[in-house]
Amino acid sequence: MGSLAAADEPLPPLRYPPARRDGDIVDDYHGVLVPDPYRWMEELESEEVKEYVGAQAAVADAVLATCDHRGRLRGQLTALLDHPRYRAPFKRAGTYFYFHNPGLLPHSALYVQHGLGGEPSVLLDPGELSDDATVSLSMIGVSDDGEHLAYGTSASGSDWVTISVMRVRDRHRLPDALSWVKFSRIAWTSDGKGFFYSRFPAPKDDDGAPESGIRTDVNLNHEVYYHFLGTEQSDDVMCWRDPEHPKYIYTPEVTEDGKYVLLSVSESSEPVNKLYYCDLSALSHGLSGTKGTHEMLPFVKLVDEFEACYGVVANDGTRFTVLTNKDAPRYKLSRVDVDDPQSWTDVLPEDDKAVLEYACAVHGDKLLVNYLSDVKYVLQMRSLAAGELLHGIPIDIGSVNGITGRRCDSEVFVEFSSFLTPGIVYRCDLSSGVPEMSIYREITVPGFDRTDFEAKQVFYPSKDGTKIPMFVVSRKNIDLDGSHPALLFGYGGFGMSMTPQFSAARVVLMRNLGFVTCVANIRGGGEYGEEWHKAGSLANKQNCFDDFIAAGEFLVSAGYTSPSRLCIEGGSNGGLLVAACINQRPGLFGCALAHVGVMDMLRFHKFTIGRAWACDFGCSEEEEEFRWLIKYSPLHNVRRPWEKGAGGDQHRRQQYPPTMLLTADHDDRVVPSHTLKFLATMQHVLCTSVEQSPQTNPIVARIDRKSGHGCGRSTQKIIDEAADRYAFAAKTMGVSWID
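Each value, and the rule that gives it
- Residues numbered from 1 in each chain as written.
- Predicted model: local features only at pLDDT ≥ 70, side-chain atom pairs only at ≥ 80, totals over all residues.
- Heavy atoms only, no water.
- pLDDT = per-residue confidence, 0-100.
- Contact = heavy atoms within 4.5 Å.
- Axes fitted to C-alpha atoms, helices over the stretch in contact; angles between N-to-C directions.
- Helix = DSSP H or I, 4+ residues; strand = E, 2+ residues; numbered from the N terminus.
- Parallel < 35°, antiparallel > 145°, perpendicular 65-115°, else oblique.
- Nonpolar A, V, L, I, M, F, W, Y, C, P; charged D, E, K, R; others polar.
- Pairing = 2+ DSSP bridges.
- Domains from an automatic or database assignment.
- Buried area = accessible area lost by both parts, 1.4 Å probe.
- Salt bridge = Lys/Arg side-chain N within 4 Å of Asp/Glu carboxyl O.
- Polar contact = N/O pair within 3.5 Å; in protein donor to acceptor, adjacent residues only side chain to side chain.
- Buried < 20%, exposed > 50% of the residue type's maximum accessible area, 1.4 Å probe, protein only.

- The name recorded for the chain in an unreviewed UniProt entry is Prolyl endopeptidase, from Aegilops tauschii subsp. strangulata.

### Some points on the confidence of the model for the chain
At step 1: For the chain, mean pLDDT is 94; residues scoring 70 or higher make up 96% of the total.
At step 2: Counting contacts from residues 1–7, a segment whose pLDDT is below 50, to residues more than four positions away or on other chains yields 18 contacts.

### Points about the packing of helix α5 (residues 542–557) against helix α6 (residues 573–584)
At step 1: The geometry of α5 relative to α6 is characterised by a closest axis approach of 10 Å and an angle of 70° between their N-to-C directions. By the angle between their directions, the pair α5 and α6 is classed as roughly perpendicular. Together, Gln 542, Cys 544, Phe 545, Phe 548 and Ile 549 of α5 and Leu 576, Leu 577, Val 578, Ala 580, Cys 581 and Gln 584 of α6 make up the contact between the two elements.
At step 2: For the contact of α5 with α6, a count of residues per class yields nine nonpolar, two polar and no charged.

### Topic: the sheet that holds strand β35 (residues 516–520)
At step 1: Reading across from one edge, β32-β33-β35-β34-β36-β37-β38-β39 is the order of the eight strands in this open sheet, with mixed pairing throughout. In the strand order of this sheet, the two ends are held by β32 (453–461) and β39 (699–704), each with one partner. On average, each strand axis in the sheet is tilted by 20° relative to the strand beside it, whichever way the strands run.
At step 2: Alignment of β32 against strand β33 (residues 467–475), held across nine bridges, turns out to be antiparallel.

### Let's talk about the domain arrangement of the chain
At step 1: As far as domains go, the chain holds domain 1 (26–79 + 449–639 + 657–733), domain 2 (86–131) and domain 3 (134–162 + 171–270 + 273–305).
At step 2: A straight line from the C-alpha centre of domain 1 to that of domain 2 covers 34 Å.
At step 3: Taken together, the six residues of domain 1 in the interface contact five residues of domain 2.
At step 4: Looking at the side of domain 1 facing domain 2, the largest losses of area belong to Thr 78, Ser 714 and Thr 715, adding up to 80% of the total buried there.
At step 5: Linking domain 1 with domain 2 are zero salt bridges, by the criterion used here.
At step 6: Our count for the domain 1 to domain 2 interface comes out at two residue pairs in polar contact (both at pLDDT 80 or more).
At step 7: Classifying every residue of the side of domain 1 that touches domain 2 by side-chain character gives one nonpolar, four polar and one charged.

### Remarks on unusual backbone geometry
At step 1: We note that Ser 156 has phi near 55°; this positive angle belongs to a residue other than glycine.
At step 2: Within the secondary structure layout, Ser 156 lies in the loop between β9 (148–155) and β10 (161–167).
At step 3: Positive phi, close to 45°, is recorded for Gln 692, a residue that is not glycine.
At step 4: Position of Gln 692 among the secondary structure elements: in the loop between α9 (673–688) and β39.
At step 5: Among the residues examined, Gln 692 registers a relative accessible area of 80% and is labelled exposed.

### With respect to the pairing of strand β31 (residues 436–442)
At step 1: Where strand β30 (residues 421–429) and β31 come together, six bridges link them in antiparallel fashion. Bridging from a neighbouring strand, Ile 424 pairs with Glu 442 of β31.
At step 2: Taking the residues that link successive antiparallel strands as the turn, the β30-β31 hairpin has six residues, and the phi of Gly 433 there is positive, at about 95°.

Pasting the structure below:
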């Protein structure tokens, strides 16, 4: 074992760049005056913002240059990621399609293989779509006959997508190009002549393609179109729009029998939607008869209220089987005959404890269902007709990340991983009636020995006594003497469940820096269904922060770590989580890494798709909701811990922990101004406005270029960012390298 003494040397004193404060901007929220001195940072294309970003990047670079483990981390991460990775294949007309990365390619490529024993070949490599690997594949759709691939690409991690089409047999690229696509799906009709997709109207200054990631205007008036292969986008058939409800988002889907096109209609990120359908077989001249008529498709509104979530699993003629949380916060399967829309009956009632996460109709009359029970997956084969259990399918403790199968096939592929299992793709043969699971592909990581580590689940009490589950992963047989560095990760929002996943970065932290790595399943997530989600949203949002703080306190009291060695991390809603927690309990943490966080809780709804998050957060335009938001909004709650009245925590250190805020110049989901304004506020309140400030811990921002909210990043960008943020954590917490 070797160690580097340099990790304990202090960082050089930092000079933060000045940020202009505009005292004239004060908003009146229901009689409360709230200044917003950095409003100018919302103009992301202005020269002033670009100069500020450049100056902050120089500060971060100077800090990172002193982080001794940065090169070693990059080397170890590169070595550990250099292994073949596979996703589960899906099948169209006897041909298999799957994603595969042989090692360090910038992006996984889409492969095609004729028959299970066929020779695979590359169909589409996103790495060839740009010189710098900043164009990524964001969606695909293969026609039922396996003849054509429609694929959506996005530049620099933007949510804006351009759809192109390729002929599978000879890789010939058709001239089709569909712009201004966002929050869409590619839904082919069974005749293979074209597909449904969703888009926004082109802006008035349209130059033919989205200026990726630079637009921050609110996205309104989503529309559904049908595109015929080989035609111009201007000839696409307008299938649905609703100008009276400009905030609605539409997701089209075609049933496996090809008879219906379904529309899931949502207005926010809440798990509720309306459900419309159109009988394609009843169109007198088919879809081609609608060309040039300017008439929308005759959709029938099966569910026309935002009361619950409805996802169609299968249909037998007019009888639809639906996964829903209607009167069932842990979800159930129901059935309705669309000819008798009041005829809803339960097929698989809600479980007493487990959450029904997913159901897939396979091999004619069977259902593969996936339950989440205490954040552990349970896989079952059930009958589609009556929902009764046919077979339990044994899997290890871990996550089912994908199930691919159709009713026309006698096989299903199941994708599995866990903290200590890099990945297994199982093939489930259903032809004999008894499901036979076999390993189709197993991902192995050279240099990783799972027997060196252990993963366990603990339950700890939150502030209000609620028991919260948390996974703790570490080297085996560590002494609980409080000496270990720890990384605590959380999210806690939008009903998203944080289940066990393999992470090469986590392995490097445990192996080479001695970290204990932890994932807290705090309220706001979906781990126990909709009630768990609602217990951490809207007026209950503070529960998320209390749960996360309690996780940190548990790790300290149980002897895993100490406050000066406890690093917290989260992204997006998890970035908000980290920022709120360092505001509320700065003395509990030794480092904070907040990625692409929602930091301005009073104005998030004014940019791109931010309005859709009001279901979880509330909106400052409503007085009661403003009162919730102003209490925890990170931007509005930065206080000097060393001043009296900064908080009731007598254990507070006299400063904030070392903090790295991470964002990207093309993030059009959570726009970068959230991070820039929070950064400027922290540096001003804690540092530049105070003579000889006690705040000597660094507050820096890592601002990635030609990158977005996190999707579509190249392998190299992933390695570089992980090396930077964890080198910063190791440096600031004085963690030594272990060879």
